[in-house]
Amino acid sequence: MKKFLSLMLTLAMLLGMMSISMNALAEEPIVIKLSMAASDAEKVSCESAIARFEEKYPNCKVDAEFYAGLSWDEIIQKQLTQFASGTYADVVYIAIEGTQLMVNYGLFQPIDDLIEADKDYFSPVPESAFKAFEVNGKYYEVPFNCNDMCIVYNTKMFQEAGIETPGQWTVEEYLDALGKIDAYYNKPDTPNSEKVWGVVTGETPYMWAAAYGTSVLNDDWTASNITSDAMKEVLQFQYDLVYKYGYSPVRESNTDEVSMFCSNRLATFIAGPYILGSLKNNNFTDWDIAIVPRGKENGSAAYGVGGLGMMTGCQHRQEAFNLMKEFCSIELSMTQATEATSLPLFEEAANSEAWLAQSPHINVFYDELPNASKLPSPICYAELNVIMKNMMTNIVTKAMTIDEAVALADQEIAAAYEEFEF
Amino acid sequence: MSRQSGRMAGMNSRRKDEIAGWLFTAPALLMFLIFVLIPTFAMLYLSFTSYKMLTPPTFTGLSNFIRLFTKDSRILTVSLNTLKISVISVVLNVVIGIILALLITNRKNGIYSYIIRLFYFFPNIVAPAFIAIVWAILLARDTGVVNYYLHSIFGLQPMGFLTEGGLALGSVIGIDIWRNMGFIMFILLAGIRAIDRSYYEAASLDGANTFQLARHITIPLLTPSILLVMVINIIGELKTFDIPNIMTEGGPNNATRTVAMYIYDTAFSKMSMGYACAISVLFVAVIMVVTILQFRLSNRWVNYD
Amino acid sequence: MTKKYWGKAGGLLISLLVLALGFLVFTPFLFMFAQSMRMPAEAYKMPPDFFPTRWDLTNYATLLNSDLPLVRMAVNSLTVTLCTIVVRLTVSIMAAYAIAKIRYRGSNAVMIGFLSSMMLPIQATIIPIYIMLSRLGLVNSLPGLVIVGVFDSFAIFMLRQSMASVPDSVVESAKIDGASQLRICWGIVAPMIKPTIATMIVLIFNGVWNDYFLPYILISSWEKMTLPLGINALKGYMGSGNQSVILAAVSFAVLPILIIFLFGQRYIVEGMTSAAVKG
């Protein structure tokens, strides 16, 4: 026992001495610790942003750590768990889904003053990108990658099946188009494994809910809205896609829309600009963008944003903010435009040749943004996502009726909110 | 004097040995302390608290356990799933293993054994994570190979191996069996080969046929190995995490969620560390019971052979 | 046995049936390997390939040329596995020797204590361990991954059993010759139980190389991922995973194991089954 205690004490002393000496060494340069989550494509633009920052401010260095994970929620979850359990960074990338949690845990500090001071610098960026990170009236993050959801469709299929280029189409017109695809490519006895599908129902109902002008949560994200008639209509639409029309397969956890799309087995799917890189990797060029068909007049596109926030313990606010600025800059936007990793935020980049050359209607992404509705990102986002995924699975696998699934989801959401008492 | 100094020397060298003994075990002891003892006590302590990680744990007494036994609907589903997976796959594994072992015990051919080992044992060596990825692709409902052959050979409609509750759990169990039956077969094969030939010779001289030989000699003498295999396998299966997590992510409506997965979700998704520790305590208790059963049973079989 | 009942032809038939069944059991791997040669566009074409129709390594090239650190992950897996084996065996051999041969006062209690830890699944104790590691800044680090895997009561137990069968006289005579305990442990006893040590190496390698749970919880950046975790993460980052490419990645990870197995098969199988029986 004594031996153990003395060993522990020695360890503690050693660690203490090490940290002191490290601090002493860190007189200069100023090290900004960055915690970043980026796809491999985006990593390039991140690293150039860091390089630009270090060039402009030679007395600063960036210590960057890149996160990765199975899925978007998993990455956020891992980040949150690590920060909650004590890992530290100065600048952290957190998408809108995790902002509320970081703020409520007291991990983020508001950066209103810094944004105000650089108002002119940020003027070419749509207001909605910043508003996504507003919590209780204060702003916490600088946007980095914005992704609003639109339909990606197979131009060759549409052409062959005789469908005209979609514009501001409605759900009826969309179903019509899918019907034409089905009739053209499928025979009544084509087995599922060889069928050409029109679309795959959503993993979560957010995108279609937005297209129908409603949402799974109420307006200020404090309670569930899932039992409303509007939401039930959305869910019925999803159910019909599988069972009434047969345009969609039953989604499974490893359903890969991009693979299916690129093998010409899927005519349309919903995605944000992040998907363009994958399309390029698969050497697929017969695609174009259209708005998500409107279910109601007041429908809109759903969008999510990822941005950089400043942790509460950050000592060098201005330097950290300067780093954040590099991630929301015209140079970065131009890279985003040419590499097609996400929506270029600066207007100039969105109107550039490089971006517009990707496809005839790629401007749809940028045009949809001002009126787009935020992805529901309450404080219990992780739980909400699991509940929504379960609900959708229950509905499309006919495990429950829509009313039952919705009632269960409502209950679970209420329980999830209860757990996050602050 | 020589005897005295001899004894003294003996005692001193014994003392030195004792010190050496402790020094040698020290690293293991240290790790045991840090990674077994302390976490166990921490786990016990935290199970009586509510701990969200940022704020220090707040003592809540038995409320976690009360909630676990009364208000938690998921623990029942999850425990049942884990139980089903463990019991069914172990029983089927053993049955299939015995049959296979009996069928090929006489084949001594080197090449044949080599190929059999390759086919049956390889799934056990590959990481469960990779197995889950490959099988998820094979079992996909509308794009999967299994459904394709079921349709073209038997004319069956596509089955949701991963999307329909009962079937999903069946798929997980099936994959576990696929993975482990080779391992079990080889253990049992070793057991069979260890049985004294004279038993068989005597019995067949008395006119016993193959089935009787198997039933009255092989299997009874094999029961120690069978028991051992069953218990080892069950404890491993109780901890299942990798395959259901990757293949079905908990399955349609929690149909394939296991206790280990539930603990992970509660701790790292919902960040309710206190409650997760309460579930862990329950989990550990169950495993302890099964392990103690193993020791008891092993005492019995150690005796008669 | 079977021979006598069914006659020679019958016995042969049964053996062939078992072989055929075994082939069926093995087919998923053939599928995986063959599909990895298919181009993404034909990934979903039925019927699937079970043998590669052409040896097209494009998918592999894509994997290795992309930014994704597949090779890095393999290196990580190898590093973690080797370090764990070395550290774990060192610690375990010394402890086993002390308990089996020195038999100092309290060694039995220590052994029982160690054994009791086998009842504690890592899935339960991971929570406090995670919290501890994060305070020490060891989360998302490979050393952290290794440290967690150092203590292995099963290894200590197996080594102890094996050492117990080494006659005490060997130890005694070495002591009389003036050898230190250290020298006896490493120079004399350990070499005598080489088969057991080799078996332990196989078991530990298998366990750590294939481990998914621990890296899943502890590791969250690309460069530090091990193979099972990393390939799984490849699968679905924003839905851009591609079936053939994923299978190529899995084939890449499984191939070395297959090759080792093809050569060391008899030894591995016997080692693993005997360890299970003795335990």
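The residue numbers shown here count from 1 along each chain, following its written sequence. Chain labels run from A onward and ligand labels from 1 onward, assigned in the order the entries are written. Under the rules for a predicted model, residues below a pLDDT of 70 receive no local features and side-chain atom pairs below 80 are neither given nor counted, while totals for whole chains, interfaces and linings still include all residues. Water and hydrogen atoms play no part in the side-chain values, which are based on all heavy atoms of the structure.

S.K.: Outline the overall build of chain C, listing residues and values.
M.R.: Helix and strand definitions here come from DSSP, where helices need a minimum of 4 consecutive H or I residues and strands a minimum of 2 consecutive E residues; each element is numbered from the N-terminal end. Along its length, chain C carries 13 helices and zero strands. Secondary structure elements of chain C, listed N to C terminal, follow the sequence α-α-α-α-α-α-α-α-α-α-α-α-α. Throughout, the radius of gyration refers to the C-alpha atoms, and the reference size of a globule is 2.2 Å times the residue count to the power 0.38. Computed over the C-alpha atoms, the radius of gyration of chain C is 24 Å, more than 25% above the 19 Å expected from 2.2 N^0.38 for a compact globule of 279 residues. With respect to the principal axes defined by its C-alpha atoms, chain C has extents near 75 × 65 × 35 Å. Out of the 279 residues belonging to chain C, those deemed buried represent 58%. Only heavy atoms enter the contact rule, under which two residues are in contact if any of them lie within 4.5 Å. Within chain C, counting contacts between residues at least 6 apart in sequence, those at least 24 apart form 69% of the total. For every accessible area listed, the method is Shrake-Rupley and the probe measures 1.4 Å; residues are considered covered only by the protein chains on display. Only carbon and sulfur atoms are counted for the fraction: they give 69% of the accessible area of chain C, which is about 11200 Å². Burial status follows relative accessibility: with a 1.4 Å probe on protein chains alone, a residue under 20% of its type maximum counts as buried, one over 50% as exposed, and anything between as partly exposed.

S.K.: Can you break down the overall build of chain A residue by residue, with the values?
M.R.: Within chain A one finds 20 helices and 11 strands. Here the C-alpha atoms of chain A give a radius of gyration of 23 Å, agreeing with the 22 Å that 2.2 N^0.38 yields for 422 residues. Each principal axis of the C-alpha atoms in chain A carries an extent, and together these give about 75 × 55 × 40 Å. A buried classification covers 59% of the 422 residues belonging to chain A.

S.K.: Report on the sheet that holds strand β8 (residues 268–271) of chain A, specifying residues and quantitative values.
M.R.: Residues and elements named next belong to chain A. Strands are labelled as partners when DSSP assigns at least two bridges between them. Across the sheet, which stays open at both edges, the three strands sit in the order β8-β7-β9 with antiparallel pairing between neighbours. Edge strands, defined here as strands with exactly one partner in the open sheet, are β8 and β9 (287–290). The mean angle between the axes of side-by-side strands here comes to 30°, regardless of whether they run parallel or antiparallel. Sheet analysis places strand β7 (residues 150–154) next to β9, joined by four bridges and oriented antiparallel. For helices, the axis comes from a line fit to the C-alpha atoms of the stretch in contact; other axes are also lines fit to C-alpha atoms, and the angle between any two N-to-C directions lies between 0 and 180 degrees.

S.K.: Residue-level account of the pattern of salt bridges, with values.
M.R.: All names here are of chain A. When a carboxyl oxygen of Asp or Glu lies within 4 Å of a side-chain nitrogen of Lys or Arg, that pair is called a salt bridge. Evaluated as defined, the whole model comprises 18 salt bridges over all chains. Between Asp113 and Arg317 there is a salt bridge, with its nearest N and O atoms 3.0 Å apart. Of the two residues, Asp113 is situated in helix α5 (residues 112–117) and Arg317 in helix α14 (residues 317–327); the sequence distance between them amounts to 204 residues. Residue classification places Asp113 among the partly exposed positions, given a relative accessible area of 44%. For Arg317, a relative accessible area of 25% corresponds to the partly exposed category. Notably, a salt bridge pairs Lys180 with Asp176, separated by 3.7 Å at the nearest N-O pair. With Lys180 and Asp176 both in helix α9 (residues 171–185), this residue pair falls four residues apart, about one helical turn. Its relative accessible area of 35% is what places Lys180 among the partly exposed residues. Residue Asp176 is classed as partly exposed on the basis of its relative accessible area of 47%.

S.K.: With reference to specific residues and values, describe the domain arrangement of chain C.
M.R.: Marked domain ranges trace back to an automatic or database domain assignment. Split into domains, chain C comes out as domain 1 (2–63) and domain 2 (67–238). Its C-alpha centre places domain 1 of chain C at a distance of 36 Å from the equivalent point of domain 2 of chain C.

S.K.: I'd love a proper account of the environment of Val91 of chain A, names of residues and values included.
M.R.: Residues and elements named next belong to chain A. Tracing the chain through its elements places Val91 in strand β3 (residues 91–95). Residue classification places Val91 among the buried positions, given a relative accessible area of 0%. As for Val91 and Asp182, which are separated by 91 residues in sequence, their C-alpha atoms are 49 Å apart. When sequence neighbours within four positions are dropped, the list of residues in contact with Val91 reads Ile32, Lys33, Leu34, Ser35, Leu308, Gly309, Ala320, Leu323 and Met324.

S.K.: Run through the pairing of strand β10 (residues 302–310) of chain A, naming residues and quoting values.
M.R.: Residues and elements named next belong to chain A. Most of β10 is tucked away: nine of the nine residues are buried. Residues Ala302, Gly304, Gly306, Leu308 and Met310 point to one face of β10 and Tyr303, Val305, Gly307 and Gly309 to the other, with burial holding for every one of them. Both β10 and strand β11 (residues 373–374) contribute to a ladder of two bridges, which runs parallel. Looking across to β11, one finds that Ala302 is bridged to Ser373.

S.K.: So what about the interface of chain C and chain B? Which residues, and what values?
M.R.: With 90 residues of chain C at the contact, the number on the chain B side is 91 residues. A simple way to read buried area is as the amount of 1.4 Å-probe accessible surface that goes missing from two parts once joined, with both sides added. For the pair chain C and chain B, the summed buried area comes to about 8600 Å², and 78% of that belongs to carbon and sulfur atoms. Across the chain C-chain B interface, the total number found is zero salt bridges. Polar contacts, as used here, are pairs of N or O atoms within 3.5 Å; protein pairs need one atom able to donate a hydrogen and one able to accept it. Residues neighboring in sequence count only if both atoms are side-chain atoms. Inspection of the chain C/chain B interface yields 12 residue pairs in polar contact (both at pLDDT 80 or more).

S.K.: Outline the environment of Thr204 of chain A, listing residues and values.
M.R.: Residues and elements named next belong to chain A. Here Thr204 is to be found in the loop between α9 and α10 (206–211). Thr204 sits 12 residues away from Val216 along the chain, and the two C-alpha atoms are 9.9 Å apart. Dropping the residues within four chain positions of it, Thr204 is found in contact with Asn385, Met388, Lys389 and Met392.

S.K.: Account for a nonpolar patch on the surface, with residues named and values stated.
M.R.: Residue and element names in this part refer to chain B. Candidates for patches are residues over 30% relative accessible area with no salt bridge; among them, like charges are joined within 9 Å and nonpolar side chains (Val, Leu, Ile, Met, Phe, Trp, Tyr) within 5 Å. On the surface, Leu83, Val87, Ile88, Val91, Leu92, Val95 and Ile99 cluster together into a nonpolar patch covering about 550 Å² of accessible area. Note that Ile88 resides in helix α3 (residues 74–104). According to the relative accessible area criterion, Ile88 is partly exposed, its value standing at 35%.

S.K.: Give me the lowdown on the side chain of Asp118 of chain A, citing residues and values where you can.
M.R.: Residue and element names in this part refer to chain A. Residue position: Asp118 is located in the loop between α5 and α6 (119–122). For Asp118, a relative accessible area of 18% corresponds to the buried category. Residues contacting Asp118, with those up to four places away along its chain left out, are Phe321 and Lys325.

S.K.: Now, about the packing of helix α19 (residues 381–396) of chain A against helix α20 (residues 402–419) of chain A: what can you tell me, with residues and values included?
M.R.: All names here are of chain A. Where α19 meets α20, the closest approach of the two axes is 9 Å, and the angle between their N-to-C directions is 170°. Classed by the angle they form, the pair α19 and α20 counts as roughly antiparallel. Of α20, the residues touching α19 (which contributes Glu383, Leu384, Ile387, Met388, Met391, Asn394 and Ile395) are Ile402, Ala405, Val406, Leu408, Ala409, Glu412, Ile413 and Ala416. Broken down by class, the residue content of the contact of α19 with α20 amounts to 12 nonpolar, one polar and two charged. Small angles under 35 degrees read as roughly parallel and large ones over 145 as roughly antiparallel, with 65 to 115 read as roughly perpendicular and the rest as oblique. In this classification, the charged set is Asp, Glu, Lys and Arg, the nonpolar set is Ala, Val, Leu, Ile, Met, Phe, Trp, Tyr, Cys and Pro, and all remaining amino acids, among them Gly, are polar.

S.K.: How would you explain helix α3 (residues 70–102) of chain C if you had to name every residue and give the values?
M.R.: In this scheme, a helix's expected span is set at 1.5 Å multiplied by one less than its residue total. The end-to-end C-alpha distance of α3 of chain C is 46 Å, a good match for the 48 Å that 33 residues give at a rise of 1.5 Å each. Trailing α3 of chain C by a residue or two, Arg103 of chain C shows a phi angle of about 50°, which is positive.

S.K.: Let's hear about the domain arrangement of chain A: which residues, and what values?
M.R.: Residue and element names in this part refer to chain A. Its domain assignment divides chain A into domain 1 (30–146 + 304–373) and domain 2 (150–302 + 376–419). Opposite the 27 residues of domain 1 that make contact, domain 2 presents 27 residues. With both chains or domains summed, domain 1 and domain 2 bury close to 2200 Å², and 59% of this area falls on carbon and sulfur atoms. At the boundary of domain 1 and domain 2, one finds one salt bridge. Notably, a salt bridge pairs Arg294 with Glu368, separated by 3.1 Å at the nearest N-O pair. Contributions of two or more residues to the side of domain 1 that touches domain 2 are made by α3 (72–84), α4 (96–104), α15 (330–339) and α18 (363–368). Broken down by element, the side of domain 1 that touches domain 2 gets its largest block of residues, five residues, from α4. When the residues that make up the side of domain 1 that touches domain 2 are grouped by side-chain class, the tally is 12 nonpolar, 11 polar and four charged.

S.K.: How would you summarise the state of the cysteines if you had to cite specific residues and measurements?
M.R.: Two cysteine sulfur atoms make up a disulfide if the distance between them is within 2.5 Å. Considering all chains together, one arrives at zero disulfides over all chains under this definition. Not engaged in a disulfide, the cysteine Cys314 of chain A finds its nearest cysteine sulfur in Cys60 of chain A; these two sulfurs lie 11 Å apart.

S.K.: How would you summarise the packing of helix α7 (residues 165–193) of chain B against helix α9 (residues 210–238) of chain B if you had to cite specific residues and measurements?
M.R.: All names here are of chain B. The interhelical angle for the contact between α7 and α9, taken along N-to-C directions, is 145°, at an axis separation of 10 Å. Judged by the twist between their axes, the crossing of α7 over α9 is right-handed. For the pair α7 and α9, the contacting residues are Asp176, Asn180, Ile184, Ile187, Leu188, Gly191 and Ile192 in the first and Thr218, Leu222, Ser225, Ile226, Val229, Asn233 and Glu237 in the second. When grouped by side-chain class, the residues that make up the contact of α7 with α9 number seven nonpolar, five polar and two charged. Helix crossings fall into two classes, left-handed where the near helix is turned counterclockwise from the far one by less than a right angle and right-handed where it is turned clockwise.

S.K.: Which residues make up the side chain of Thr258 of chain B, and what are the values?
M.R.: Inspection of the secondary structure assignment puts Thr258 of chain B in the loop between α10 (242–247) and α11 (259–269). Among residues more than four places away in sequence, those in contact with Thr258 of chain B are Val78, Thr82, Ile85, Thr240, Phe241 and Pro244 of chain B.

S.K.: Go over the confidence of the model for chain C, please, and point to the residues and values.
M.R.: Atomic detail in the predicted coordinates should be set aside for any region of low pLDDT. Residue and element names in this part refer to chain C. pLDDT gives the predictor's per-residue confidence on a scale running from 0 to 100. Per-residue pLDDT for chain C averages 83, and the proportion of residues at 70 or more is 91%. Across residues 1–5, confidence stays below pLDDT 50; counting only partners more than four residues off in sequence or on other chains, it has 18 contacts. Here the predicted complex carries an ipTM of 0.86, next to a pTM of 0.83.

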